[in-house]
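Residue-level listing of the chains:
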Amino acid sequence: ELTISRRYSGRLRPWLQARKDRKRRQKKLKVNGSNSVSKPRTTSLWSRLKPKHSQYWLPFDRYWLDTGAGYQAIKSLIEQHSIEVIHVSADPWAPLVAAERISRQFNIPLVVDFRDPWSVHEGKMALRPKLTQWLLKRFEAKLFKQASAIILNTETARDVYVEAYQGRIPDQRFYAVRNAFDRGLFRSSIEPQPSPKSPAIFTALYFGRFRAFVSPEVLFKGFA
């Protein structure tokens, strides 16, 4: 009995993605149908001249192109159903724009669920131009004033946000809910029996991936 709307996307971004996919398929067919010796891979002029970290130049992301369509999609759901709360899981960050506007317009509580910190992420903020930083912080403050609850993945992230918005946003509006945590997935822990041959051997399971700003170094230090 769940109502699902897939009308959030506008026309431009899906068109650009389809165009990109079509070019990729054409290139693949051309390569597979050719009997000639493969040539060294060449990069486009844009790839060579593209500024580093340009993805951080805008305060939002590519889904910004869907903001207008997203607003209309949410508004349509509200007009057709008895919506009691708006919950946005971010990032992507762009849907927050439509959600904040709708929440304010229709006076519906808004829950902002940050999987990752936004303005307090020092690494990413350092890659953004000053104007982008200002726009991002300005909108985030506006968003938090409208939100009924702000969720962070960890207690540390929550506490950093509480401190950053001290005197502006009430502390009790910030919550910590650990990512992908479900007690039903875990059995009762059994005390492991140490092996007499190799007591230093253990098994570690890491959920996630390593990338920029997510280094395995801290894990290695912990293991050591």
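Placed above this text is the structure.
Owing to the predicted nature of the structure, the values given are computational and were not obtained by experimental measurement. (Residues numbered from 1 in each chain as written. Predicted model: local features only at pLDDT ≥ 70, side-chain atom pairs only at ≥ 80, totals over all residues. Heavy atoms only, no water.)

### Regarding helix α7 (residues 155-164)
Here's step 1: Three or more residues of α7 are buried, namely A157, Y161 and V162. Across the axial projection of α7, the buried residues extend over an arc of 140°, all falling on one side. Exposed side of α7, more than 90 degrees from the buried face: T156 and E163 are the residues found there. (Buried < 20%, exposed > 50% of the residue type's maximum accessible area, 1.4 Å probe, protein only. Helix = DSSP H or I, 4+ residues; strand = E, 2+ residues; numbered from the N terminus. Arc of directions from axis to C-beta.)

### Topic: the sheet that holds strand β3 (residues 149-152)
Here's step 1: A sheet is described by the order of its strands in space; here 4 strands give the open sequence β1-β2-β3-β4, paired in parallel fashion. Edge positions in the sheet fall to β1 (86-90) and β4 (174-176), since each of these pairs with one other strand and no more. When the angles between neighbouring strand axes are averaged without regard to direction, this sheet yields 20°.
Here's step 2: Of the strands in this sheet, β1 and β2 (110-114) touch helix α4 (residues 95-106), which is tilted by about 160° from β1. (Pairing = 2+ DSSP bridges. Axes fitted to C-alpha atoms, helices over the stretch in contact; angles between N-to-C directions. Contact = heavy atoms within 4.5 Å.)

### A word on the pattern of salt bridges
Here's step 1: Evaluated as defined, the whole model comprises 6 salt bridges.
Here's step 2: Salt-bridge contacts for R24 lead to D21; the nearest nitrogen and oxygen are separated by 2.9 Å. Taken together, the positions of R24 and D21, both in helix α1 (residues 12-32) and 3 residues apart, correspond to about one turn of that helix.
Here's step 3: Residue classification places D21 among the partly exposed residues on the basis of a relative accessible area of 24%. (Salt bridge = Lys/Arg side-chain N within 4 Å of Asp/Glu carboxyl O.)

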